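Chain and residue survey
Single-letter residue listing:
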Amino acid sequence: MGEGVLYRISGPIVVSRKTSGLKMNEEVRIGDEELIGEVIEINGEEAVIQVYEETTGIGPGANVYGTGNPISVELGPGLIGRTFDGIQRPLVVIKEEQGIFIKRGLNPKPLSRDREWEVDIHLKKDDLVVPNTIIGEVEETSLIRHRILIPPGVYGKVLEIIELPGYRVEDTICIIEDKEGERREVKLFHKWPVRKKRPFVERLPHEEILFTGQRVIDSIFPLAKGGVAAIPGGFGTGKTVTQHSLAKWADADIIIYIGCGERGNEMAQVLEEFPKLKDPGSGKSLMERTILIANTSNMPVTARESSIYTGITMAEYFRDMGYDVALMADSTSRWAEALREISGRMEEMPAEKGYPAYLGSRLAGFYERGGRVKVTEDRIGSVSVIGAVSPPGGDFSEPVTSNTKRFVRTFWVLDKELAYSRHYPAISWANSYSGYFDEIAKWWEDRDIPIRSLRIRVMEILTVETHLRQIVQLVGEGALPEKERLTLKEAELIKEGFLQQNALSTVDAYCSPEKQYRMLKMILDFGEGARDLLERGLPLFKIIELPIFSELKRMGVEIENEEIDKFDKLAERVEKEFEKLKEEYG
Amino acid sequence: MDSIYHKRHIGAQELTGPILIVEGVENVGFGELVLIEQDDINRLGRVLEVAGNRAVCQIFAGTSGIDREKVRIRFTGSPMTLPVSEEMVGRVFDGLGRPIDGCGEVIGEEERDVNGNPLNPEAREYPRENILTGISAIDGLTTLIRGQKLPIFSGAGLPHNEIAAQVVNQARISKEEDFIIIFAAMGIKADDADFFMRRFEEGGALSRLVTFINLADSPSVERLITPRCALTAAEYLAFDKGNHVLVIMTDLTNYCEALREVASAMGEVPSRKGYPGYLYSDLATLYERTGRVKGKEGSITQIPILTMPNDDITHPIPDLTGYITEGQIVLSRELHQRDIYPPIDILSSLSRLMKDGIGEGRTRKDHPDLYSQLYASYSRVQRVRSLASIIGEDELSEVDRSYLRFGEDFEGKFLNQGKTESRSIEETLNRGWEVLMNLPESELVRLSKEEIEEYRSK
Ligand SMILES: Nc1ncnc2c1ncn2[C@@H]1O[C@H](COP(=O)(O)OP(=O)(O)OP(=O)(O)O)[C@@H](O)[C@H]1O
Ligand SMILES: [Mg+2]
């Protein structure tokens, strides 16, 4: 095994000298407390190591030992429903051992070694296997059947299946004879280096929407399963609330939520809320499909840097089982800052705003691991990635935002003005975009929902409104002709009645496809009807005086997803009211 | 601190600003405390970097007066610690946690590393209980929650100290139980420190107060330790001894400047405005030492105060703070000039934890909707005002004119209150209803019909 002797220590970055046998990205242990580190640079006999724990008290002369393995995560049953830190240490175990504070020097195994799993075995002797062939299935939670896979790189045939009533993760489940004739024991779990993407057969085009139950997202700026999106926004504009909403309601099979350099209380909130919330598809507790990675802002920055790799590697693993995984990283800016801090301590030449020159390629490397792929000839899985971006001072031209923009196809821009006027979610309709709209429009059309024409109409009204608002700012609303004032009112309905969505309301938090459609149609039809009345000479104030006008703004919070027929009644009422007005004005 | 065990060294290699570099040392650890002695000089410092037999130390009181050849440097082998005990309550300490009230040393039950350790997210309990401060703008619209960190973003000359003192004096957990107040002053003027002491005394808070003071003329680098001492005491009193602790820290801007000073003396690559790239992480190690813990009685609530350079909210200090804290209370120079106290700019202020701490069984049933309505209506006021300034008030529609009346009343009757006036939550909410009654009912879209029926006459 490789080794070395510590020479220089400044914070989380240390340098060892007289090193021999250490490899790039190898996991190492330092000093008597066996702190965990990773080799990030090798220069002759000198190695730069990032240490995943507090280095206070560590001095020159401490020994460095190689483990022979790259920094890896454990993949196997027992991941779901748990919370890990940035290098996959289970936080519950740390709490049991150390109390309320996280101290260093403890390295519990990510997967429980004692727990036994019942496996429903699919293979038999002499079956041929390739990477990702399913050996058997474990009911990990009531929602997820965990498929035990032949690890990447293993091709061959089954020599023996080892039958046990219950398997612990370290138990061997089958023995494969590989192409070279070597015996390979396959256990319930395997390790995979976090910085290396898991192989697949090929990338596939996007077909299906990642349905999130968020109106402005699904109907206007949708994300595809396997798509990548970013949510940039200044502080308090709603990145975390949006990420939480997606984690709760997105129709993915598995959710991986990474709290990357953010608040402890937000993780506590997820841990309290998710077990109680029900997945709209299955009615089961949301925690039964969720994995959390909590490396809060006050935990070591080095582990923050690796947290997104830990997360995405687990995501790829569940993708390989054929699942649709959605990963949220809040916030990728904190990850980039960790990168900057580490680079600064290594005295690398900084590029823009102190970030290292490789910021862009690292970001690309992360987002590239999202996608919809063919895992084996007959299995498809996807990883959707949604990264929050926290631009300093809300300035979107800064390096993390502008680099991220290069690699994502959906960009949900959070607008400070909207957030300040409590228009939530504060997703700007003027600056956001989705590159997946065309690919997934068919998904809506299969449900008989003409999403394209609805969306075009909405965007048209909102664009005209922006223009009219500028005029109103100068001359007041009264100076506009009635028809244009109606456009302002239509835009008001779209914004307050459709785009705004209250994440805190139990009725409104999740909006079904059908409800989204009916709400949108109600609003647009109301506008059409009103336009018709205006042409007959009816004054606008008569129309917006109708109580139904303000009721349309409350459809989201008042009509449940299961009460679609209420929309028919609402539509009837609008028609009646309009008829009455027509009669009054002949 | 016993000296026999310490590794001693005579003479430094290099001195620059707060940085002292020693060569020829052995067995020195990163982050350990160093003692600097020379004639009658006694200073404390910390190892920022060790490479082989060379150690880079940060001297909290700076290196001025230090003689490169004569200075004696002792390495203590452990990080900076603070003796903690319940006897700290009622005492006054300097910026490094040494008693300065003439009442002798604190006999610590334990020595604690002032840097603390991160609270395990699995151990946290999501904060839900509100703290009523008797200030309408806060209780009604940016409700403070026990276990929250809610900073005041202020500007030079604005009454942030008044507000903080009022919160301390008026905030109560219940009739029987009271907060322990920890007050950490970093680089503030002696006048301001005296002001706080006077106000705490008037409010009867002195017996529940722990004070850590680093004044404007105290060594600036010492400020980097002051909040850490305060929070170490807070964690002990809250999570070991079961108290509810309210920490007031002022002024974080001075703290950040000290951090910048050290970073530039170390020759580090700066990020924005000369502040180091790790400013966010560093501030987080302060602000995150807040919260509630499962199965523990106590709590830590923080109200950090910072003055925004040039009133600029996008300056790195308020910006990065806002990215860590759970909301912010922003003061407005314009309201202050119009003599409205507290001059809280409601539209840019936010308490992110309030949603779970208000409403039925917590404050009052109508609170969430009332909050949302007041907020929405007041944000409309701003638009109407700017329109009125262009086309004139007379040209406004009747509805728009009602917004102007509402705006006046909101600022005059709801926001504005006396510096020692404490309003009950009932009164705050009723005043909210009262000022809303300037608007026609059709504008109250965030309130339900039932609520309007029930509360309009209050
Ligand atoms: N969809 C929503 N519905 C209701 N309230 C919302 C919504 N989105 C945001 N908010 C409000 O805005 C506050 C701030 O949102 P959030 O915490 O998501 O901001 P953020 O962008 O993550 O900020 P930071 O960068 O500081 O973490 C929330 O506490 C909540 O009060
Ligand atoms: Mg956030």
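In this text the structure is predicted, and so the values were computed from the model without any measurement. (Residues numbered from 1 in each chain as written. Chains lettered and ligands numbered in written order. Predicted model: local features only at pLDDT ≥ 70, side-chain atom pairs only at ≥ 80, totals over all residues. Heavy atoms only, no water.)

**Here's the deal with the overall build of chain A**
What counts is decided by this rule: Note on conventions: DSSP H or I runs of at least 4 residues are helices, E runs of at least 2 residues are strands, and numbering of each starts at the N terminus. The atom set for the radius of gyration is the C-alpha atoms, and the globule formula is 2.2 Å times the number of residues raised to the power 0.38. In this description, contact between two residues means that some pair of their heavy atoms is separated by no more than 4.5 Å. Where accessible areas are quoted, they stem from the Shrake-Rupley method and a 1.4 Å probe; at the residue level, only the protein chains shown are allowed to cover.
Along its length, chain A carries 17 helices and 25 strands. The C-alpha atoms of chain A give 27 Å as radius of gyration, which agrees with the globular expectation for 586 residues (25 Å, within 12%). Within chain A, counting contacts between residues at least 6 apart in sequence, those at least 24 apart form 69% of the total. Summed over its atoms, the accessible surface of chain A is roughly 22300 Å², and 49% of this surface lies on carbon and sulfur atoms.

**Some thoughts on the interface of chain B and chain A**
For the record, the criterion: By buried area we mean how much accessible surface two parts lose on assembly, using a 1.4 Å probe and totalling the loss over both. The salt bridge definition used is simple: a Lys or Arg side-chain nitrogen within 4 Å of an Asp or Glu carboxyl oxygen. As used in this structure description, the phrase polar contact means that two N or O atoms lie within 3.5 Å; if the pair is within protein, one of them must be able to donate a hydrogen and the other to accept it, and residues adjacent in sequence are counted only when both atoms belong to side chains. Under the convention adopted here, Pro, Cys and the residues Ala, Val, Leu, Ile, Met, Phe, Trp and Tyr are nonpolar, Asp, Glu, Lys and Arg are charged, and Gly plus all remaining residues are polar. Strands are treated as partners if at least two bridges between them are detected by DSSP.
Taken together, the contacts link 66 residues of chain B with 68 residues of chain A. Summed over both sides, the interface between chain B and chain A buries roughly 5800 Å², with carbon and sulfur atoms accounting for 56% of that surface. Among the residues of chain B in contact with chain A, Phe30, Glu122 and Tyr323 of chain B are the three that bury the most area, contributing 14% of the side total. Residue Arg128 of chain B is joined to Glu272 of chain A by a salt bridge in which the shortest nitrogen-to-oxygen separation is 2.7 Å. Our count for the contact surface shared by chain B and chain A stands at 29 residue pairs in polar contact (both at pLDDT 80 or more). Mapped by element, the contributors of at least two residues to the side of chain B that touches chain A are β5 (41-51), β11 (124-125), α4 (226-240), α6 (279-287), α7 (316-324) and α9 (367-391) of chain B. If you tally residues by element for the side of chain B that touches chain A, the top one is α9 of chain B, at seven residues. Of the residues assigned to the side of chain B that touches chain A, the class counts are 32 nonpolar, 18 polar and 16 charged. Of the pairings in the sheet, the one linking strand β1 (residues 3-10) of chain A to β5 of chain B comprises two bridges and is antiparallel in character.

**Describing the pattern of salt bridges**
All names here are of chain A. In plain terms, the rule: Throughout this description, buried means an accessible area under 20% of the type-specific maximum (1.4 Å probe, protein chains only), exposed means over 50%, and partly exposed covers the range between.
With the rule as written, the count across this model stands at 96 salt bridges over all chains. Here Glu38 and Arg195 are joined by a salt bridge, their closest N and O atoms 2.7 Å apart. Remark: Arg195 occurs in the loop between β16 (190-193) and β17 (202-203) and Glu38 occurs in strand β4 (residues 35-43); sequence separation between them is 157 residues. Taking the relative accessible area as the measure of exposure, Arg195 reaches 30% and is therefore partly exposed.

**Re the domain arrangement of chain B**
Residues and elements named next belong to chain B. Here is the rule we go by: As annotated, the domain borders come from an automatic or database domain assignment.
As assigned here, chain B comprises domain 1 (2-79), domain 2 (82-347) and domain 3 (367-455). The C-alpha-based centres of domain 1 and domain 2 are spaced at 30 Å. Taken residue by residue, the interface counts 12 residues in domain 1 and 13 residues in domain 2. In this assembly, domain 1 packs against domain 2 so that about 980 Å² is buried in total across both faces, 75% of it on carbon and sulfur atoms. Our count for the domain 1 to domain 2 interface comes out at zero salt bridges. Remark: the boundary between domain 1 and domain 2 carries one residue pair in polar contact (both at pLDDT 80 or more). Of all the secondary structure elements, the ones that give two or more residues to the side of domain 1 that touches domain 2 are β5 and β6 (54-59). Classifying every residue of the side of domain 1 that touches domain 2 gives nine nonpolar, two polar and one charged.

**Describing the pairing of strand β12 (residues 145-149) of chain A**
Residues and elements named next belong to chain A. In terms of burial, β12 is largely enclosed, as four of its five residues are buried. One ladder, built from five bridges, connects strand β11 (residues 134-139) with β12; its direction is antiparallel. Following the sheet pairing, Gly136 is matched in β12 by Ile148. Counting the residues in the hairpin turn of β11 and β12 gives five residues.

**Concerning the packing of α9 of chain B against helix α10 (residues 398-415) of chain B**
All names here are of chain B. Rule in force here: Structural elements are reduced to axes, namely lines fitted to C-alpha atoms, with helices fitted over the stretch in contact, and the angle between N-to-C directions of any two is expressed from 0 to 180 degrees. Handedness of a crossing follows from how the near helix is turned relative to the far one, being left-handed for an anticlockwise turn of less than a right angle and right-handed for a clockwise one.
Contact pair α9 / α10: the axes reach a minimum separation of 8 Å and the direction vectors enclose 115°. When the axes of α9 and α10 are compared, the crossing they make is left-handed. Of the residues in α10, those touching α9 at Leu374, Ser377, Tyr378, Arg380, Val381, Val384, Arg385, Leu387 and Ala388 are Val399, Asp400, Tyr403, Leu404, Phe406, Gly407, Glu408, Phe410, Glu411 and Phe414. Considering only residue class, the contact of α9 with α10 consists of 12 nonpolar, two polar and five charged.

**Section: the nonpolar core**
Side chains that are nonpolar tend, in soluble globular proteins, to be buried together. Inclusion rule: By nonpolar core we mean a set of buried residues, namely Ala, Val, Leu, Ile, Met, Phe, Trp, Tyr and Cys, connected to one another through side-chain atoms within 4.5 Å.
The biggest cluster of nonpolar side chains holds 156 residues, and the ones touching the most others in it are Ile256, Phe318 and Trp412 of chain A. Here this core takes 10 residues from helix α13 (residues 513-535) of chain A, the largest share from any one element. Leaving out residues up to four positions away in the same chain, Trp412 of chain A has contacts with Ile217, Phe221, Leu223, Ala229, Ala230, Ile231, Pro232, Leu246, Ile386, Ile427 and Ser432 of chain A. Listed in part, the 69 residues of the second largest apolar core include Ile213, Leu246, Tyr375 and Leu415 of chain B.

**Quick look at the domain arrangement of chain A**
Each assigned domain of chain A is listed with its residue range as follows: domain 1 (3-72), domain 2 (119-189), domain 3 (206-440) and domain 4 (451-584). The centre of domain 1 of chain A, based on its C-alpha atoms, is set 35 Å off from the matching centre of domain 2 of chain A.

**Concerning α4 of chain B**
Counting along an α-helix, one turn takes 3.6 residues, and residues three or four places apart therefore face a common direction. All names here are of chain B. To be explicit about the condition: Between the first and last residue of a helix there are one fewer steps than residues, each counted as 1.5 Å, and that sum is the expected span.
Over its 15 residues, α4 runs 21 Å from end to end, which matches the ideal 21 Å to within 8%, given 1.5 Å per residue. For α4, the buried fraction is high: 14 of the 15 residues fall into the buried class. In the segment just after α4, Gly242 is the residue with positive phi, at about 75°.

**Observations regarding the site of ligand 1**
How we decide: Nearness is defined per residue: one heavy atom within 4 Å of the molecule or strand is enough.
Near ligand 1 lie 19 residues; those nearest to it are Gly236, Lys239, Thr240, Val241 and Arg263 of chain A. Close to ligand 1, residues of chains A and B are found. The contact in question runs from an oxygen atom of ligand 1 to an N or O atom on the side chain of Lys239 of chain A, over 2.7 Å. For ligand 1, the accessible surface in isolation is 630 Å², of which the surrounding protein chains cover 93%. Contributing elements (two or more residues each) for the shell around ligand 1: α3 (239-249) of chain A together with α7 of chain B. The greatest single-element share of the shell around ligand 1, amounting to three residues, is contributed by α3 of chain A.

**As for the packing of α9 of chain B against helix α11 (residues 425-436) of chain B**
Residue and element names in this part refer to chain B. Heads up, the rule is: Our angle categories are set so that under 35 degrees counts as roughly parallel, over 145 as roughly antiparallel, 65 to 115 as roughly perpendicular, and the remainder as oblique.
Two numbers describe how α9 lies on α11: the axes approach to 11 Å, and their chain directions differ by 45°. Considering the angle they form, α9 stands oblique to α11. The two elements α9 and α11 cross, and the hand of that crossing is left-handed. The residues of α11 that touch α9, namely those facing His367, Leu370, Gln373, Leu374 and Ser377, are Ile425, Leu429, Gly432, Trp433, Val435 and Leu436. Of the residues contributing to the contact of α9 with α11, the split by class is seven nonpolar, four polar and no charged.

**As for the packing of aromatic side chains**
Residue and element names in this part refer to chain A. Stated formally: Note on ring pairs: Phe, Tyr and Trp rings are taken, using the six-membered ring of Trp, and paired if centres are within 6.5 Å. Classes follow the plane angle, with under 30 degrees stacked, over 60 edge-to-face and the rest tilted.
On inspection of all chains with the given rule, the structure shows 23 aromatic pairs over all chains. Considering the side-chain rings of Trp249 and Tyr510, the 5.9 Å spacing of their centres and the 50° angle between planes classify their relative orientation as tilted. Of this pair, Trp249 sits in helix α3 while Tyr510 sits in the loop between α12 (482-499) and α13, placing them 261 residues apart in sequence. This pair shows no difference in class: Trp249 is buried, exactly as Tyr510 is. Seen from their ring centres, Phe526 and Phe549 are 5.9 Å apart, and the 40° between their planes marks the pair as tilted. Here Phe549 lies in helix α15 (residues 547-551) and Phe526 lies in helix α13, a separation of 23 residues in the sequence.

**Comments concerning the side chain of Arg43 of chain B**
All names here are of chain B. Operational definition: All tallies of charge rest on Lys and Arg as positive and Asp and Glu as negative; His and the ends of each chain are not included.
Tracing the sequence through the fold places Arg43 in strand β5. Put simply, Arg43 is tucked away with no salt bridge, and the nearest opposite charge, on Asp40, sits 8.1 Å away. A distance of 2.7 Å separates a polar side-chain atom of Arg43 from the backbone oxygen of Gly62. A polar side-chain atom of Arg43 sits 2.9 Å from the main-chain carbonyl oxygen of Ser64. Leaving out residues up to four positions away in the same chain, Arg43 has contacts with Val34, Leu35, Ile36, Ile59, Ala61, Gly62, Thr63, Ser64 and Ile66.

**Describing empty space enclosed by the protein**
Going by this rule: Put simply, the grid is 1 Å and covers the protein atoms alone, a cavity is a trapped set of points that fit a 1.4 Å probe, a pocket is an open set with protein on both sides within 12 Å along at least five of seven lines, and lining residues have an atom within 4 Å of a point. Grid points are joined across faces, edges and corners, and a volume is the space filled by probe spheres set on the points.
According to the stated counting rule, one finds two cavities of 30 Å³ or more in the structure shown. By volume, the largest cavity amounts to about 60 Å³. Lining the largest cavity, in full, are Thr133, Ile138, Leu144, Leu150, Ile152, Val167, Ile303 and Ile329 of chain B. In terms of residue class, the lining of the largest cavity is made up of seven nonpolar, one polar and no charged. Considered as a void within the structure, the second largest cavity measures approximately 30 Å³ in volume. Taken together, Phe101 and Asn298 of chain A together with Asn117, Pro118, Leu119, Glu235, Glu288 and Arg289 of chain B make up the full set of residues lining the second largest cavity.

**Focus: the environment of Asp178 of chain A**
Residues and elements named next belong to chain A. Within the secondary structure, Asp178 sits in strand β14 (residues 172-178). We classify Asp178 as buried; its relative accessible area is 9%. Aside from chain neighbours lying at most four places away, what touches Asp178 is Tyr155, Gly156 and Arg184. Within the local environment of Asp178, its side chain forms a polar contact with the side chain of Arg184, the two groups lying 3.5 Å apart.

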